[in-house]
Amino acid sequence: MRLITVSFAVLLLLIQYPLWLGKGGWLRVWEFERQVAQAQGRNEKLRERNAKLESEVSDLKTGTDSVEERARFELGMIKKDEIFVQILDPRAPASSVAAMPAGNSPDLH
């Protein structure tokens, strides 16, 4: 009787092994679900980034306001007859302050 019980226990363990640790087992399924959730999170962030870039490209193609804004903030351009005023932080180190010489600023038409 004891031999039958031990053999059933061994068979039960052998049947459970593929369920938990085998190629299609629960542990592997849980790991794949976790990886899918991470990939979906990354995809959602990339979708949001792409939507922002797409709207920015659309703005650049259709209007001049966004082009003017980029020219002003990124390139430091000003319109004709405008006065450029730069306020410097007295605590900022001198190497981080880039002074633009007067009269040499590019014009934005």
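It should be emphasised that the depicted structure is a prediction, and the values quoted were computed from it without experimental measurement.

Trainee: Just to check I follow, could you spell out the confidence of the model for the chain for this structure?
Mentor: Interpreting fine coordinate detail is not advised for predicted regions of low pLDDT. Taken as a whole, the chain shows an average pLDDT of 82; of its residues, 86% reach a score of 70 or greater. Per-element confidence in the chain is highest for helix 2 (residues 26-62), whose mean pLDDT is 92, and lowest for strand 2 (residues 107-108), whose mean pLDDT is 52.

Trainee: So what exactly am I meant to see when it comes to the packing of aromatic side chains here?
Mentor: For any two aromatic rings, the description comes down to two numbers: the centre-to-centre distance and the angle of the planes. Summed over all chains, the structure comprises one aromatic pair. Aromatic pair Trp-26 and Trp-30: ring centres 6.4 Å apart, planes at 40°, arrangement tilted. Here Trp-26 pairs with Trp-30, and both are found in helix 2, just four residues apart, close to one helical turn.

Trainee: What exactly am I supposed to notice about the environment of Ser-7 here?
Mentor: Among the secondary structure elements, Ser-7 is positioned in helix 1 (residues 2-21). In this structure the side chain of Ser-7 is engaged in a polar contact, spanning 2.8 Å, whose partner is the backbone oxygen of Ile-4.

Trainee: For this particular structure, what's the right way to read the packing of helix 1 against helix 2?
Mentor: Two measures define how a pair of helices packs: the angle their axes make with one another and the distance between the axes. Two elements in contact, helix 1 and helix 2, have axes separated by 4 Å at closest approach and are oriented at 5°. Taken together, helix 1 and helix 2 sit at an angle that is classed as roughly parallel. Residue-level inspection shows Leu-19, Trp-20 and Leu-21 of helix 1 in contact with helix 2, the latter providing Trp-26, Leu-27 and Trp-30. By residue class, the composition of the contact of helix 1 with helix 2 is six nonpolar, no polar and no charged.

Trainee: I keep staring at the UniProt feature "coiled-coil region" (unreviewed entry) in the chain and nothing clicks. Help me out?
Mentor: Mapped onto this structure's residue numbering, the UniProt feature "coiled-coil region" (unreviewed entry) falls at residues 29-63. Between the C-alpha atoms that bound residues 29-63 there is a distance of 50 Å. The span itself is 97% helix and 0% strand.

Trainee: I keep staring at the pattern of salt bridges and nothing clicks. Help me out?
Mentor: If charged atoms from side chains of opposite charge come close, those side chains can pair. This model, assessed by the stated rule, comprises eight salt bridges. Among the ionic pairs, Arg-70 bridges to Glu-56, the shortest N-O distance being 1.7 Å. Taken together, the residues Arg-70 in helix 3 (residues 65-75) and Glu-56 in helix 2 connect sequence positions 14 residues apart. With relative accessibility at 31%, the residue Arg-70 sits in the partly exposed group. Given a relative accessible area of 30%, Glu-56 falls into the partly exposed group. A salt bridge links Arg-72 to Glu-68; the nearest nitrogen and oxygen atoms lie 3.2 Å apart.

Rules of the game
Residues numbered from 1 in each chain as written. Predicted model: local features only at pLDDT ≥ 70, side-chain atom pairs only at ≥ 80, totals over all residues. Heavy atoms only, no water. pLDDT = per-residue confidence, 0-100. Helix = DSSP H or I, 4+ residues; strand = E, 2+ residues; numbered from the N terminus. Phe/Tyr/Trp six-rings, centres within 6.5 Å; stacked < 30°, edge-to-face > 60°. Polar contact = N/O pair within 3.5 Å; in protein donor to acceptor, adjacent residues only side chain to side chain. Axes fitted to C-alpha atoms, helices over the stretch in contact; angles between N-to-C directions. Parallel < 35°, antiparallel > 145°, perpendicular 65-115°, else oblique. Contact = heavy atoms within 4.5 Å. Nonpolar A, V, L, I, M, F, W, Y, C, P; charged D, E, K, R; others polar. UniProt positions renumbered as here; feature names shortened; annotations may be inferred. Salt bridge = Lys/Arg side-chain N within 4 Å of Asp/Glu carboxyl O. Buried < 20%, exposed > 50% of the residue type's maximum accessible area, 1.4 Å probe, protein only.

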